[in-house]
Every structure is written in C-alpha cells, then in structure tokens.
Amino acid sequence: MRKLSNQLAGALQAVQTDDPADFLQLVHDHVGGKEGYNLDELLQAVTRKDIVAICLGLKHQVEIGAGLLSLEEDAEGDQESQRELGASVLHSAAVLAKLLLSQTKEEVPEALQQAAELLHNHGILAAAGFPALQEEVARLCLDWWQAEAAGRENLTPQTVPYFIMKALTTGTAADVKRCHAMRTALQLFDFEDPSIADVKLLLLRAAFAPSFLRCAEGRRMMAYMFTLQPAFVAELTAIIKNQIPSGRKSVLDAYGEVIYRAWSTCTGACLLHVQQNCIQALMEHAILASTPAMAASLRRVLRGLHCQKHQPGVDKMLLELYEPILFRRLHAANPGVRSNALHVLVDAFPLRDPDESNQDTDKRLADQFAHLTSLLKDVVPEVRAAAVAGVCRVLNEYWELIPGTITAGYMKLMAGELAFDSTSPSVRASVPEGLATLVDNSLAHPLLKMVLPQLEPLLFDSATRVRTAMADLLLALRGIEALPFYDVVPVEKLLDILAQDTAAVSERVQRLLLPTFFPNPEAGAATLAALLRNSPGAGRAFCQFLAGTYQQAGGDVVVTAAGPPVHESQIVGLIKELRTHLHDVPITAAAAAAVVPSITNGGEAGAGKGSKKGRSKRKKAQPAGTEPGNEEEREEEVSESPASWEAILHGVCALVCGLAALVAAGRCEEGIGNNLFLSGTLVRLLERCPTAAARRAVMAMAAAFPALDASAEVRGRCLKQLLAGGYSAAAGGPEQARELQGAVECICAGASRDRLLQVVVTSLGGDPKEVLEGLCHHLETQHTATAAAKPGAEEGEKEEARHGRRAKQGGKKAEAAAKPAGKKKASKKAAKVDEEEEEELGEVDESLACEECGSRTGAGEMLLCDNCDAAFHMGCLDPPLTEVPEGDWFCDDCDARMSSGMGENLALRCLGLLLELEEPRAQLLASGVLARLLPYMELALRDAIEALKEALAGNSSLPEGGTGASTAVVVYLKGCLHLFLNGQSLAKGAGAMPAAGITSASMMSQAAECIQQAVEFAGVLVQHLARLDAAALLQALVSRPGPDAKRSKVSKKKKAAVPAEQLPQAPAVKEALATVQACVALLSEAARVQVLSWAPPGGMPMAHAACAVAQRYVALLGGVAAAAPAADTASRSEAAVTDGLVMAAVANVARLVRNLAMTTKQGRSTTRDLDSVLQQAQHAQQGPQQQPSGSESGQASRLTGSGTGQQGDVAAAEAGGSVEALVGDLLALGCQEHGGALVTAALKPGMASLLAGLCGMAGSCRAEGALSSGWLQPVARLLGRGIDFDQVPAVAAAVEPAAAALDDEQEGDENAGAVANQPADEQGKPAEKAAEGAPQLLGSFVSEHAEHGLVKVLLAAAKSAKIQEPLAGCAAGLARHTFEEGAAVSAMGALELTIMLGFKGVTTRGKSRAGADTYSAAIQHLRVLKAAVNGLPASRLEAGSAQALLHHKLGALFPPAPRVTFGAV
C-alpha cells in the first residue's frame, strides 16, 4: 500500500511540475517497462479524485509542450532543441491520455477533454515535422471516437484528413481501415461550407485510389460517401465514370460493389441520385457505347448489381430502371446498339418483379424469350453471333426453369441453321463456343448427345476460327462419360486433322488424344509407335506437340506458349526407347496388321478400327526337342517394314528437334540431351535409312544437338559424302536436293560457323591447304579435262579451255552435250541399232577398234562411251553385256573420273560456304586458290546462262533442280568482291598476303574483269527475258510446280494457278529472274566498294553497264507490275509472288543506285588517291631499285577510273548520267497507277540516302552535262497531270503588287518611309491584300497528285536529309528545260515540286523569302523561265492554259520591284 502511495505521489509531482523532465521520465519508465512500475495498474487502483488531479497535471504538461512546439525558429538562438522537447512532452502526454481514457470512458473528466483538444490542435497538422507525435495523437483521437467518449466531435477536424492523407500516401490496408473506422465522422462536416474544400478533395482522391479499391473496408467507406450529400454524390459519380474507360477488371469489379452498397445504404435524395444519375446512366451508356471494349467495361461495373439479384429489392429496381431504356433498344437500327442491348439483357436475365403475379411474370419472360429469338435471326452476323453466346449462357444458368419447347427450339435453330451460316465464320464459330458452356450442365447432356454429332463438319470448315472452336468443344467433352468425343467426330478424322491442320487446331486435337497415345510413360512408346505406323503424318504432328513445339511454314521449330504437356524427362525416355527399337528391330519387306489402341468409355480413343501394314511378328526358329504345345510361350520377334520404320524415325526426329527448341528457349536444362545418343548410334541409324528423307531426319537430329559425339560422327560422314560427290540433285531429283540441304544444315550446325573448316579438316584427315587444293582440283578437272578430251575439238579451243574458256564442241556430240544434265538421251550410240536409230545417229563408223581387244570387227556389237567416244565390244566388258543398256553409258575411266569429282553445283555451294567464313576465306585468298578458281567458276556460270538462254528460247527444258545459275552468280560475285577487297587492303598495307607472283593490282584487275563478265551475263538474261511479253512473264511467275502439287481445302476454292505444263518456260523464267536479282544485289555491294568505277581499255565504265542492265530490268518489272491483276481479282498467292518480286527488285536496284551515287560523289579525288596507293604498293613490292612498268601502272589506273584528272571527271560524268537515267526509271515505275505503291514502299527506306547521293554527285561532276534534273521528269509529269488549268484566278494581276507591298513592309527597306507618309487609313491595305491574295495564289493550284505516295516519300526524304534546297534547284532546272522543249504541263509540275520543296519565291528586292543566300540555283533557273514565259505572245497566255498558270505563278514568286516616284521621296 505504501508503495502504491509513493508511486501516486511521484506521478502527481511529475505531472504538476513546471520542469518537463520529470514528466518525461515518468512516461519513459512506463513505456520502457521499468520493473515494478506500471501506470495502467496505478490508474486502476487510485480514486477518481486522484485521476482528476492527474488529468489537471496532464493538461498543464500539454500546455507547456504546446508552447515549446509553437516557438518559431530564431536565427540568433537555436530553438530547434526546444521544439523537439515540446514534441516529446506532447508525445508523452498523448500516451498518458490514452491510459486515462481507458479508465474514464463512461465519464471523462473535463480536464482530460481539454488536454485531448489541445493535443488535437497542436499535435497533428501543426506538428508536420514530428511524424511520431502525429501518429500518437491521431491514435488517441481514433480511440476517443471509437469509445464514443464525450467531446469526440471536437477531435475530428484534423484527424479525418490526417488518416485519409496517410492512407493515400502509404497505401496500406491498416491506414484504410482506420479511415473506415472514422467514416461516420464525415457526417459532422458541412459539405456546403467552402472551408472543407481540401477534405472534399481528399475524399474524391480516395474514390479512385488503388489502396481504397483493393481493401474491403475502403470500398465500404466509398459506399458510405454516397450518403453524405447529393451534390457530393454527383462528384463521386463523375469520378467513377471517368475511371471506367481505362479501368482494369479489378477496378471495375470494385466500383460495381461500391455502387451496390451505395444503393443499399442511401436514402432520400441521395438514393434518388444514385438510381437515376448513376445506375440508370451507366445502363444507358452500356447500351449506347460506341466501342465493344467500352460496353464490356460498363457491363462489368453493372455486374455488381446483377449478381445481387437474390437480395431483396434488387430485381424490382433493375426492372424499373431497365424497362424504359432496354427493350426498345433491342430493335434499334444501329446493330452495335442491338448487340450491346443483347449483352445487357443476358447479364440481367430474367428481368422480373417479385411482387407480380405468376401470369404477368410468365408473360414478361415470354417477351424476353421472343426478343432473344429475333436476335438469333438478326440480319447482321455480329448480332447473331452475340445472340448465340447469350442464349447458351441463359440456357446454362436457367435450364431447369425454361420450358422444354423453347430450349429445343433454340438448339434446333443454332445447330441446324446458325452452325452452317455461310455468310459469316463468326456465327458458325459461335455455336460450338456457346454449346461448350453447356457441357458441364448435366441436365443438358441428353439433348447435347443428339445435337453435337450434327456439328462434325465444322471441324473441316474453311475458317480457322470455326475449326478451333469445334476443337475446343471436343476438348470440353473430354472426361464427360455421357458425351464421349469420339461419338461426335470419329478418331480417324481427328488423326487427319492432326496431320494436316494448322498449329492452333492440331495442338488442341493433340491434347484431346494425349491420354490415348501417351497414357503413361511405360506404355507411351508402344502406343506412339502404333500411331506412327498407321498414320505417319498425324504421328509426327503428335510428337511435335508432345514436345511442346510446332513447325512453321519456313521449317523453323517454335515452342508453343503452353510448352510440353508432359515432363521433359518423359520425352527423353520416350526418345531412348524408340531409338533402341529402331536400332534393334529387323526391317522386312512385308508387314502384318498392327495392334491399335481401342476406344474405351473412359474417354480414351485409339487410332481407329482400320489398320495399315507396318509391323509383323515372326516366330523364332523352334529349337530341337521342343514340344509343339509350348509354341504360345515362345517369344515372338517384332519386325518393321521400311515405311513403318521410317515413320517411327520421323517421329523420333520431331521429338528430338522439339527438345532442342525447348533447350534453346530456356524451357528446360541445357544438359538434358547429353545422353540422348551414344557414340555410333546416329551413324547406325543413318546406315539403316532406306530413303533420302530418312537420312535427312537423322541429319536433323544431329544438327539439333551438335555437341554430341554421335552428331560429330554424322557431320563427318556428311562432309565426306559431300566432297566425294555423293549428293547430286540432278541424279536423285528433289529428294536428293533436300538431302543435300539437310547435309549442309547438319554440317553448319553448332555454336560457331567459323569452326566449319576445322570440322572439314578433321573429317578428311588432312590440313586446310590440302582441302582447298582438293576443291580447286575438282573444279579445274571438271572443265579442262572434259573439254580437252573431246574428239574433234580444235587445238585453239583446247587451249582456250585451258585458260578458262570452255571448248565448243561440234557435230552430234556437241548437241548431246548441250542438252540439260537431267534429261537422258532416248537412245545410245551403239553399233547394234535398229533402223530408226540409224536414221537419227547416222551410220556406224566401221573403222572403230575395241579398246579391250583391238579388233575392228563386230562393229554392230560395240558400245561408245558417252563422254570420250571410246569403243568397246559388249562381250569384252567386265561383266559382259548382252544388250544395249538404257540411259547414258560411260567407260570405266570416265566413270571413275566423273564419280570422283564432287559436281559443279555442289563444288560451288561448298566454295560459297567457305567464303562466308573468315579463316577459310583468308586461306583461299592467301594461297591464291580463289584467283585460280574464278575462271572455272566463270565457266560454270557461262554454262548455266547458256542453258537458261536455250530454255527461255524454248529450244530445251531445264534439268530437274534447275541449272544452279543463281547459286553460281552469287558465289562468283562473292569471290570477286573478296578478291578485290583483299587487293585493296593489300595495297594499303593490310589484307591477306598473296602467294608469290600475285600483286594487289593483278588481284583487283582480275576481280574487276570477272565482275564485268557477270554484268554481261545478267544483261544477256534480261535481254532474253524482255523478248517475252509481260503477260507471259506474270503467268510463269504464278504457275504452280506441277500437276501433283497438293492444295489445301481452302485454296481449292480460289483461282487455280496456271499449270506448269502449259508454261514450259516457267522454270527458266523463275530461275533467270532469281539470277538477275542476285546479280543486281551483289552489284550494289560492288558499287559500295568502288569496283564499278573501273573501265576496260577503250570501253565504257562498268557502272554504266551495270546501270544499263538495271534499267532494262526495271523496265521489265514495270511491265510485270502493270500486267498483274487487281488485288480484288488476284489470289493472295499470286499477289504475294508478284509483290515480293517487284519490291525485292526495286529495293536492290535502289541500293545499287544509292551506292553508285555515293561513290561517284567522291569523284576525281578518290580516283587519284586509289591510283596513288596502288602505285606505291607496286613500288614497294618491286623493291627500291625497280620502277613499275607502264603496263602495270596503266592497269592500276584502269582500276580506279582513268589515269588523268580530266578522264576521271569524264568517267564520273558518264556514271552520273547512267545513275540519273536509272533513278528516273525507278521514279517512273513508282508513278504508274498499277504497282506504283509497291515501288514506293520499296524505295521509302533508302530514299533519303539516294537523294543525298544524287545531290552530292551533282556537285562533284563538273563536266558539261554531267548531271541534269531529268531524273525528276516522272514526278513533274505526275504533278502536272493533276493540275486543273481552268482555275486560274482573275485576281492574279492584283495580287502581285500587293505581294510586293507586303515584302516592302516586312523588309523595312529604305522605301518604307514612302508608305509611312501615307494617310493612316491607307496604311496597311497593300499588306492586308497581299496577306489574303498571295497564299491563295501560291496554294490554290496544288496538284491533285500532291498526296501521291511517291511524292510524299520524296518530300519527306528531302526534309530528313536536309537537301530541300538543292533538290528545289534540280526541280527548277527541270521546269526551265521542259518549258524550252515545249512541255508546259511538265514544267508546271516541276514548278509545283519546287514550291513543295520549300521555295517561297523572292522579295521585291530579289532576296529569297526562305532566308538570305538560299535557293540560289532555283532562283537562277526560274528567272530564266520567267523571262521565257513573259516573252510569249498574248494569245498563248489565255486562261485555262499551262502557259497562263506558269505566268501567274512566276509573277507571284517574283514580284516586281517597287516604283518610287520623286514626289514620294
């Protein structure tokens, strides 16, 4: 007792003293938990008199703390410590006040109320720098409000704003809950008082704050805010409406709940406002919404009301609000409004009044059913589709309440008519999408079982969306015992869909059939193998989707978004099991029926009732002594047919490639495939492959995981086969060509393509030099040995073959050699021939002797080698022959020589591959092999060009797989460019050092000569293509490959492509165009490195020849684009072929022009610099005592144009003229009506750099006529054609002096005083007239074609490149020259283009309006043009003529100088 008395005395002394230190220590001991000291226990034990005394002392301490806290900061004395002391005192006082409040809730002492009010007034908003104090005082006020203690209304003015601001700032749920706890305090605020504007603003901010929308208490507080005042409710409604368009789903759901709670709690005027201005307004907005997204957002908000229909009064309220606005909108003229109203009706269905009688309710529901039926038959497809979805939703939710006749009528209408609506795929797709929502309703199963089989044709619909929706419906049936999916669509048809359909549909069918063909990892291999045997295409697609991938049209394997449906380890196990089966199973020619999984009631489906031959079981040989009765216990051996073995192999390949795609996408561990194939497994599979397609599958597996030892073994095998000539597209046809492609992809697979040379060396067991020498030997012997061995060839021709020119072959043998390689001769040159063969081949030479026995007898039994014409008796051969063999026959020597070579096309492919790699390319250059190979590559290209010429002329047909001309020209030009660049670098002291005897000048000269030859080849092809009319070229481009080409079900309905049989030249046309395309593309690179600046002795520059070829090519493309059918009559495939050709060709030609312009721009200085570098390099190589010979110096000069500066200027001028003409042709192609948009799109990316190069070239070409503005002629003609010359204004004559006055006023020149001395009412009138008239004159005659795509691209490019001024000069020069030539319309168009390029005319003082010293070239040309126009007779300046418009235009652009009289001065 004494201890309690002492503690009470100490507490009273601490709170009553003027020194706050004792008071702070008192509270600190309590808060710190000092042993034996607890103020809460003390206050519970003392009397009320003592509590009142403590409250009085507490008030005293609060006054002290408030005084210290309110001290202002003094610059002379430090008051901050005093303010901190005051904040500590107030904080401690708030702690003690909370303890006192807990003891005096029923009757709070007046002193404690006064202390709490002081804390509220000084400890919240006034204590902005002391957050701990603010928080403690706010908690005190919250406890006071929740305790409903006396005087609590005095503690709310600062507490409520503080809590709302804290919740908005922190966003925590705890702060939001405190706001909700004090929500009733908002009734104390007068919302009509302007002084609480800040509080209202905070409440409106809370209405869209995420922290309040996320928390349930926050949403309840927002609903309570609707009860405060009608005007404030209007502001809250506006806030909600503003948030709906951009609100997320969670925000919209929160607002729906807020509106429902507000309606359920509001009364009086606030309730009326909520119903009419909020809920009904949102309903009307949802019906009249302009976009589907906006309508969906509004319906989601209204869903907060619709989902509360079970609450009392909600049904009646919805009917009252919807009835005047909804039902009449269901038949509105706007289909969008009907669709929105339908969605609202379905969301609110059924609209009824619980207080109505049953008869009235039935009548009201019958009307709503009638509305839905009418919407199902709406004339707009989108409305019908929405009605199907809505009806299915209504049926699913109220199936047991809707009469059976209405339900059956709906189902019959949807499944019988709408599911096969031919006008709209969306309507057809809506039926399976809607019926899928009924699957989970067991009451609907009996009716669905009768209806769903009628929808089977939808799985074969032409629209992907319909097929996808039907597949989703089947997926929804999976696991429903009463509705097995195989009763809707047979499994055989599902397998066809799986094999042939798009990835979206096939992926769904795969998920549907997954439990059947991969029920578990143990049985997965057997069931999957059965699927692959019976349906290889479906099995392969199933394997792809089992690995979570699909194959795009280009062949790339892409990972699906969902990923694999099984774990990666199960895929690895499946691959290993199938791999082992492929290794061990015997392959037999015959096969029996395979066992297929059956269909069960549990939802699994097999491969169908029928089966195909694929696998057979053979009984093992019965051991001696075995009883016949034990035959069933003996193990049976499984065998595969070649077709079934290959089908399983393709399935394994799909799994392996899919697993590799998963690794590349980071969807599984990188090391998961390390143990897929052990060493030797892939090679063994490769050896067992029965077809080229099977071998390619093994190569694809090796390329998928290139780091495996088994993959390296396959790469080595492919390399050896490639270099040994084992892959020949001509011999094996398309399958062999695809195998070659697979081999190249397998070889190049890996992390770095630069490792290819090391792989080559390792596989061949030699060093890089031997490999390259072997390649060179193959290409050399392919030509020289054959040409030199031909009998009858002249010595000069043999010598020409040795130096890189193929010998011409005469007689019958030459004609046979000229035939394509893929076409076999119908008869052989044998002595034993019938009469028809004798007539064709002539009489047999009786002087021939057998190479084996030497006898000249028995000429009728001799065979002649089709390569060397050596004679052999058929009986002397080993083994002997009894009849003439079919096809070509070669002797042993020729056969060995030809089989040892790798083939011309394959050698070029291999060389092109090596040129792409840095290390092999450097060795090719350093060893001199590339320089040696160029002549033989030229021979290969020449042969291909000759074959193309003959095919284009119709004299022969192309071999299978083509001539390889495009490949040859690419490799040939790449080799030339690398040789030139290496020589150029070597001349500057860098580059790969060449072999002895090779100089940089010789390398560059050889490369330039070879490039010139390629240009000539391209010119020959373009010349032969030009002999065909544009219609024939277009027909050849869109022709299909052959009669056996497969087409999808959708494409059968489209316009059929022209069969290739009707166009024998189609393959040649396509290959010739591809060859020219590749040549132009690489010539643009040659122009970039300045190879085309070289000119042969006595010839024109190579750039001129390249431009000439490109010009003819552009003209050819223009004819093709003009002959192409319109977009509405051509199929997508035809349009894609034509558009792709035109755009690619124009882009390549544009790059060529740009590079030529940029290199020609450098002009004479570049020529001299490169010439100097070459001469210095030659001098350094020859030594200090030797000087370069005249021929070598001349050769170096020819490489860079010409030796002298004048000749270099002339060459640059000639190149400039060629470039200009080519640009003009491109612009003309872009101006034509049909196909111009394609050309414009192709020119757009490089237009700015192209124009910049042309402008720079104009400044560098100083020779007379080096560059004119003729290239702008097509644009000028286009603009001129769009001008209406009948609109020449009559006020033109009055505008010109007004414009002059305006210029005088703007310039403020020395004559401005004359205007200033005029009367006040006359000043400014000329300027006013000019301001009105001059723009009208300058802008009213803009051509109708000013918005043409090419014109807009040209202007935008000029602006971005900042070359508007020089281009305006070119356009002005074109206007001058065309007018002098009598083309006034084109001159007017050129003048319009000048103005569009920023030329605004000149002032009365002759200065450019665009700025001083600008557009000088344009001003100079247009002054000459104006003088010429002014010199015309008056009869030619009649209104409506181009000359009259030119006259007025130029008059406005060049106003006369002001006339100053003596009096005015």
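Cut-off values and rules
- Residues numbered from 1 in each chain as written.
- Predicted model: local features only at pLDDT ≥ 70, side-chain atom pairs only at ≥ 80, totals over all residues.
- Heavy atoms only, no water.
- Helix = DSSP H or I, 4+ residues; strand = E, 2+ residues; numbered from the N terminus.
- Contact = heavy atoms within 4.5 Å.
- Patch = residues over 30% accessible without salt bridge, like charges linked within 9 Å, V, L, I, M, F, W, Y side chains within 5 Å.
- Areas by Shrake-Rupley, 256 points an atom, 1.4 Å probe, with all protein chains shown as cover.
- Salt bridge = Lys/Arg side-chain N within 4 Å of Asp/Glu carboxyl O.
- Lys, Arg positive; Asp, Glu negative; His and termini not counted.
- Charge placed at Lys NZ, Arg CZ, Asp CG, Glu CD.
- Buried < 20%, exposed > 50% of the residue type's maximum accessible area, 1.4 Å probe, protein only.
- pLDDT = per-residue confidence, 0-100.
- Expected span 1.5 Å × (residues − 1).
- Axes fitted to C-alpha atoms, helices over the stretch in contact; angles between N-to-C directions.
- Parallel < 35°, antiparallel > 145°, perpendicular 65-115°, else oblique.
- Left-handed = near helix turned anticlockwise from the far one by under 90°.
- Nonpolar A, V, L, I, M, F, W, Y, C, P; charged D, E, K, R; others polar.

Along the chain, Asp-421 falls in the loop between helix H21 (404-416) and helix H22 (425-435). Apart from residues no more than four positions distant in its own chain, Asp-421 is found in contact with Arg-384, Val-427 and Arg-428.

Turning our attention to a negative patch on the surface. Taken together, the side chains of Glu-851, Glu-852, Asp-878 and Asp-892 make up a negatively charged region of the molecular surface. Position of Asp-878 among the secondary structure elements: in the loop between strand E6 (871-873) and helix H40 (892-900). The exposed category is assigned to Asp-878, whose relative accessible area is 75%.

Below, the discussion takes up the pattern of salt bridges. The full count for this structure, using the stated rule, is 31 salt bridges. Asp-367 serves as the salt-bridge partner of Lys-363, at 3.7 Å between the closest nitrogen and oxygen. On the criterion of helical spacing, the pair formed by Lys-363 and Asp-367 is a turn pair, its members being four residues apart in helix H19 (residues 358-376). For Lys-363, a relative accessible area of 56% corresponds to the exposed category. Taking relative accessible area as the criterion, Asp-367 reaches 37% and is therefore assigned partly exposed.

In this section: the confidence of the model for the protein chain. For the protein chain, the average pLDDT comes to 74, and 70% of its residues sit at 70 or higher. A low-confidence stretch, residues 761-768 stays under pLDDT 50, and its non-local contacts, those more than four residues away or across chains, total 12 contacts.

Turning our eyes to something else, we now look at helix H43 (residues 929-953). With 25 residues, H43 ought to run about 36 Å at 1.5 Å a step, and its terminal C-alpha atoms sit 36 Å apart, in line with that. Gly-954 occupies a position one or two residues after H43 and carries a positive phi of about 85°.

Turning to the packing of helix H44 (residues 965-987) against helix H47 (residues 1066-1088), a few remarks are in order. Where H44 meets H47, the closest approach of the two axes is 8 Å, and the angle between their N-to-C directions is 15°. Relative to H47, H44 is oriented roughly parallel. As for how H44 packs across H47, the hand of that crossing is right-handed. Mapping the contact onto sequence places Ala-965, Ser-966, Val-969, Val-970, Leu-973, Lys-974 and Leu-977 in H44 and Glu-1071, Ala-1074, Thr-1075, Ala-1078, Cys-1079, Leu-1082, Glu-1085 and Ala-1086 in H47. Among the residues forming the contact of H44 with H47, the class breakdown is 10 nonpolar, two polar and three charged.

Let us now look at the environment of Val-274. The residue Val-274 is located in helix H15 (residues 268-288) in this model. For Val-274, a relative accessible area of 0% corresponds to the buried category. As a C-alpha pair, Val-274 and Ile-259 span 15 residues in sequence and 8.0 Å in three-dimensional space. Those residues in contact with Val-274 that lie beyond four places of it in its chain are Phe-226, Val-233, Trp-263, Cys-266 and Ile-279.

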